[in-house]
Amino acid sequence: MKLDTSGFETSMPTIGFGSSNDMLDGFSTVPSFDLPRTTDFDGFQKEAVQMVKPAKGTTTLAFIFKEGVMVAADSRASMGGYISSQSVKKIIEINPYMLGTMAGGAADCQFWHRNLGIKCRLHELANKRRISVSGASKLLANMLYSYRGMGLSVGTMIAGWDETGPGLYYVDNEGGRLKGDRFSVGSGSPYAYGVLDSGYKFDMTVEEASELARRSIYHATFRDGASGGVASVYHVGPNGWKKLSGDDVGELHYHYYPVPPAIAEQVMEEAAAE
Amino acid sequence: MSIFEYNGSAVVAMVGKNCFAIASDRRLGVQLQTIATDFQRISKIHDRVFIALSGLATDVQTLYQRLVFRHKLYQLREERDMKPETFASLVSAILYEKRFGPYLCQPVIAGLGEDDKPFICTMDSIGAKELAKDFVVSGTASESLYGACEAMYKPDMEAEELFETISQALLSSVDRDCLSGWGGHVYVVTPTEIKERILKGRMD
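As recorded in an unreviewed UniProt entry, chain B goes by Proteasome subunit beta and comes from Brassica campestris.

As named in an unreviewed UniProt entry, chain A is Proteasome subunit beta, taken from Brassica campestris. The UniProt entry for chain A carries this comment under Catalytic activity (unreviewed entry): "Cleavage of peptide bonds with very broad specificity."

Okay, here's the thing in structure tokens:
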């Protein structure tokens, strides 16, 4: 039986001035991209890197606990000071039992997560069993490593449930891949870590864990200018992922810190009761 | 990010029928981090003249203190309050004195002049006055504010309607700006009263 070595192929993208890879199975090799025709390639690449740099304005977090993995993110996209959207989906559904979070360039994250989903499905079909979280994150990390220095901006967490239980990996555009129990990525991550680390216990129920995740994202959106919008919380359990909540952080603020009614209103209420 | 965007701010003033409204956001930040949500940007010079300063927070505070000092001296010498047009010229002169090392802020001045006629103006950081008949804006959210005010403004609004209009314009503009917001502060001034209100906004 021939071993499937497609996962090992990490060749650099071929410098294609219109060369096509129609003959090859485009999915099992690294997708090749045309390179721009400029006189100053390095300068162009440097500008491209600078263009996506402000885009890591976000807050995403994920942690493993007794009942699985909790994944949460905000939904704001910012370009420097301007808010370009308050409703970006930053938790990407790779397949029914694996989630990826988006931080960095939106296009980069969406494309590579979808590409990862394709490779995971092909693995399932070739091997008649699901891919592990470790394997999936390794596939992504190897792909990103081969594009190191080209200006991709991806800071993602792969969270899922496989045969060994819950799994959580952090993968970034430098090609780094870390296994861990708790991660937060983005400009709002220091604030989220503060709340997450002080409230974390391994033995939490799903409700407690989702409330902790929601509060961590809320606090990050309060302090960080580049995070905001809607706090989405997902739970990955043995039967796959499930979206638990999507609360607007503007309303969450007044839920956690209600404004006491002004004295005049209180006086009027008493008069009506009489 | 430029030095004007270091602290983040949003300021707007509008003219109504024998009244004016001046509003600002309440955030004080250090680039993306929010430090305070109750920063005072609008200050009263006297009962009929208000100034709001956007830009670098340290210059906002220092410039305000200098202007209050100059106005108090004027009151002692002339035994009356300054007219808003005069005050605007004073601010412009003080800013131009620092032409080659300017205060990094952009003031918005609003007041009631002779016959209770409302007066508004804004300036850049070296004192170029821009008078307007309808509204003036300043700060990191100024482009959004221009759009919102242009769409929502009508001439000759009464005080209550003016308050609604300026509040909606301010809140919708700061909701598109990472560096300003976290509440709003509105003063509506008529010949008989000054009404100060705090707006409940999105705190993200």
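1. A few points about the nonpolar core
Here is a general trend for soluble globular proteins: nonpolar side chains tend to be buried in one another's company. All names here are of chain B. Val12, Met14, Ile22 and Leu170 are the most contacted members of the largest nonpolar core, which totals 41 residues. If you tally residues by element for this core, the top one is helix H4 (residues 159-174), at eight residues. Sequence-distant contacts of Ile22, defined by excluding residues within four places in its chain, comprise Val12, Ala13, Ile42, Phe50, Ile51, Ala52, Val108, Ala110, Ile166, His185, Val186 and Tyr187.

2. Considering the UniProt feature "active site" (unreviewed entry) in chain A
Residues and elements named next belong to chain A. Following the UniProt record, one finds the feature "active site" (unreviewed entry) at Thr58. With respect to the helices and strands, the residue Thr58 is situated in the loop between helix H1 (41-52) and strand E1 (60-65). Residue contacts for Thr58: discarding those within four places in its chain leaves Asp74, Lys90, Met102, Ala103, Val185, Gly186, Ser187, Gly188, Asp224, Ala226 and Ser227. In terms of polar contacts, Thr58 uses its side chain to reach the side chain of Asp74, at 2.9 Å.

3. Thoughts on the confidence of the model for chain A
Residue and element names in this part refer to chain A. Per-residue pLDDT for chain A has a mean of 84; in total, 81% of the residues score no lower than 70. Confidence drops under pLDDT 50 across residues 12-21; counting only partners more than four residues distant or on other chains, this segment forms 17 contacts. Under a pLDDT of 50 for its full length, residues 266-270 has, in the predicted model, one contact with residues more than four places off or in other chains.

4. Remarks on the sheet that holds strand E7 (residues 155-162) of chain A
All names here are of chain A. With antiparallel pairing, the five strands of this open sheet are ordered in space as E5-E6-E7-E8-E9. Strands with a single pairing partner mark the edges of an open sheet, and in this sheet they are strand E5 (91-95) and strand E9 (177-179). If you compare each strand with its neighbour and ignore which way they point, the axes differ by 25° on average. Pairing geometry for E7 and strand E8 (residues 165-172), over eight bridges, is antiparallel. Bridge assignment links Gly160 to a residue of E8, and that residue is Gly167. Helix H2 (residues 106-127) contacts E5, strand E6 (98-101) and E7 of the sheet and is inclined by roughly 20° relative to E5. Docked against the sheet, helix H3 (residues 133-145) engages E6, E7, E8 and E9, running at close to 5° with respect to E8.

Calculation notes
Residues numbered from 1 in each chain as written. Chains lettered and ligands numbered in written order. Predicted model: local features only at pLDDT ≥ 70, side-chain atom pairs only at ≥ 80, totals over all residues. Heavy atoms only, no water. UniProt positions renumbered as here; feature names shortened; annotations may be inferred. Core = buried A, V, L, I, M, F, W, Y, C linked by side-chain atoms within 4.5 Å. Buried < 20%, exposed > 50% of the residue type's maximum accessible area, 1.4 Å probe, protein only. Helix = DSSP H or I, 4+ residues; strand = E, 2+ residues; numbered from the N terminus. Contact = heavy atoms within 4.5 Å. Polar contact = N/O pair within 3.5 Å; in protein donor to acceptor, adjacent residues only side chain to side chain. pLDDT = per-residue confidence, 0-100. Pairing = 2+ DSSP bridges. Axes fitted to C-alpha atoms, helices over the stretch in contact; angles between N-to-C directions.

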